[in-house]
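Chain by chain, the residues:
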Amino acid sequence: MMVQGIRGDSRLQTWAADLTASLPHAAASLVLVAARGAGFVASVATGLLFARLSTPRVFGEYQYVMSLLGAAGIFALPGMSVAIARAAARGHDAILLHCTAVRLRSSVLGVVVLLGIAVVFALRGKPSLAQGVLIAAVLFPLVAALDGPLAYLNGKARFCALAVAQTALALLPVTLVAAALLLRAGLAVTLLAALGATAFLNLALMRLTTSGHSATRDPDDLEAVRYGRRISGVYIIGLGHAHLAGLVVGTVLGPAPLASFAVAMLWAELFKQVMQILNVQLFPRLAGASDAEASRLLNRGIVRGFLPLLAVGFAAAALLPWLLPLVFTETYREGIPAAQLLIAGTILSYPGSQINNYFAARARTRAQYQIAASALLFEALGLALAVRWGLVGVAAVKGLVRTWYSVYGWWLLRHGA
């Protein structure tokens, strides 16, 4: 009788059907969050390995070469990843090969730029940096232009395969870096281990993903390539945000201060990862809601998330004078004030992060572009003025830029941009 009663309740049947349908999506979200967590763990592990097994100078030079490599990514047309994901979702599997071929040709410019930088370092009597940038130049196309399979898997909704690939790309390089540092290898060997692992995995993923794909060109593929070229301009802004401060610190202040800055950034990135996880969970609800409901969800997300983050951030900043030397050794104590400023800026950016997530979910691309472009301009001008005050000046600018996301995002939200 009880079973019959349940079956007769249409509302309960609807709820059960909705729950069953949502389980695969929830599992996929959990798997992707775990993969993101693996990436952050790999970043922290890299910092710890260099802090414990190497010198600040070598750590700083490693970070500097990685920043140069990341900035050179503009030549690999990073927006092509979006084009690949969109086309793959529509069943155009050949797009991966076509976009990758375009990216490989474009990445030759990045190789030339990096080779030029390596020559400059050699002429200035900095052999370790010259060797490191030379290795980055040789492997640049394989590292920066062959990550299309990740976008393809995302477009095909093969989330488990995507998570496995992301986890492998995070953990294998850091494992080889650990081996190189334990063997007391120099900067060149350590970079070769990290970048070589990434290049190998990219090649393997490309082979596995494109197996059986036709290379026949489709008119829609040509349009996807054109779209990827156009949107790559937007991604250049993101690369600027990611690497500008590191390049300024490494160029003006030197490798050792850059190592301390990298350690300081790790503490702030912990909070940023939490914020991104919250954004991932809220995004589908914002995208599917009405305008009024989306606004309500946004306001509730900001209120519920900001105060706990503020409390935890305040506690972390207060404990940093004890925690940072304990975890990363006394050598990096000078990074404590910078880490505190970066944590403060990251916490204050939480409303802006939620607002930007709202703009993305509601397809308000112009507002996203306005925030990102203004923030990059603010950061470039601020760093030019503040670098004279060392790490504290750079961290203060970085923190203010992150706070700007909240201030300007709120203004755009209120004025309907």
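Definitions and limits used
- Residues numbered from 1 in each chain as written.
- Predicted model: local features only at pLDDT ≥ 70, side-chain atom pairs only at ≥ 80, totals over all residues.
- Heavy atoms only, no water.
- Helix = DSSP H or I, 4+ residues; strand = E, 2+ residues; numbered from the N terminus.
- Buried < 20%, exposed > 50% of the residue type's maximum accessible area, 1.4 Å probe, protein only.
- Contact = heavy atoms within 4.5 Å.
- Areas by Shrake-Rupley, 256 points an atom, 1.4 Å probe, with all protein chains shown as cover.
- Core = buried A, V, L, I, M, F, W, Y, C linked by side-chain atoms within 4.5 Å.
- Axes fitted to C-alpha atoms, helices over the stretch in contact; angles between N-to-C directions.
- Parallel < 35°, antiparallel > 145°, perpendicular 65-115°, else oblique.
- Left-handed = near helix turned anticlockwise from the far one by under 90°.
- Nonpolar A, V, L, I, M, F, W, Y, C, P; charged D, E, K, R; others polar.
- Polar contact = N/O pair within 3.5 Å; in protein donor to acceptor, adjacent residues only side chain to side chain.
- Salt bridge = Lys/Arg side-chain N within 4 Å of Asp/Glu carboxyl O.

## Focus: the overall build of the protein chain
- When you go through the protein chain residue by residue, the secondary structure sums to 16 helices and 0 strands.
- By residue count, 47% of the 417 residues in the protein chain fall in the buried class.
- A separation threshold of at least 6 residues defines the contact pool for the protein chain, and within that pool the share at least 24 residues apart is 82%.
- Surface accessibility of the protein chain: about 20,300 Å² in total, with carbon and sulfur atoms responsible for 68%.

## Here's the deal with the environment of V327
- Among the structural elements, V327 can be located in helix α12 (residues 291–328).
- Exposure remark for V327: the relative accessible area of 28% places this residue in the partly exposed category.
- For V327 and A51, which are 276 residues apart along the polypeptide, the C-alpha to C-alpha distance reads 8.9 Å.
- Apart from residues lying up to four places away in sequence, V327 is in contact with L48, R52 and W267.

## Side note on the nonpolar core
- By size, the foremost hydrophobic cluster in this structure holds 76 residues, and its most contacted members are L114, F140, F261, W267, L324 and Y332.
- Looking at this core, the element that brings in the most residues is helix α11 (residues 255–288), giving 12 residues.
- Contacts of L324, omitting those with residues within four sequence positions, involve V263, W267, T329, Y332, R333, G335, I336 and A339.
- One finds L77, V102, L146 and L153 within the second-largest nonpolar core, a separate group that totals 18 residues.

## Here we look at the packing of helix α7 (residues 148–155) against helix α8 (residues 159–182)
- Two elements in contact, α7 and α8, have axes whose closest approach is 8 Å; the angle formed by their N-to-C orientations is 155 degrees. Here α7 lies roughly antiparallel to α8, going by the angle between them. Both α7 and α8 take part in a crossing whose hand is left-handed. For the pair α7 and α8, the contacting residues are L150, L153 and N154 in the first and F159, A161, L162, A165, Q166 and L169 in the second.
- Residue classes in the contact of α7 with α8 are distributed as 7 nonpolar, 2 polar and no charged.

## What about the side chain of H241?
- Inspection of the secondary structure puts H241 in helix α10 (residues 219–253).
- On the basis of relative accessibility, which here comes to 12%, the residue H241 falls in the buried class.
- Of the polar contacts made by the side chain of H241, one reaches the side chain of Y405; its length is 3.5 Å.
- Leaving out residues up to four positions away in the same chain, H241 has contacts with A372, A375, L376, E379, K398, V401 and Y405.

## Points about the pattern of salt bridges
- What the rule picks out here adds up to 7 salt bridges.
- For the salt bridge of R402 with E269, the shortest nitrogen-to-oxygen distance reads 2.9 Å. With R402 in helix α16 (residues 390–414) and E269 in helix α11, this pair connects stretches of sequence that are 133 residues apart.
- Here E379 makes a salt bridge to K398, at a shortest N to O gap of 3.0 Å. With E379 in helix α15 (residues 365–386) and K398 in helix α16, this pair connects stretches of sequence that are 19 residues apart.
- Classification of E379 as buried rests on a relative accessible area of 1%.

## So, the side chain of T329
- Within the secondary structure layout, T329 lies in the loop between α12 and α13 (336–348).
- The exposure class assigned to T329 is buried, which follows from its relative accessible area of 16%.
- When sequence neighbours within four positions are dropped, the list of residues in contact with T329 reads A51, R52 and L324.

## Notes on the environment of R90
- For R90, the location among the structural elements is in the loop between α4 (80–89) and α5 (95–123).
- Each C-alpha atom, one on R90 and one on K156, is 8.5 Å from the other, the two residues being 66 residues apart in sequence.

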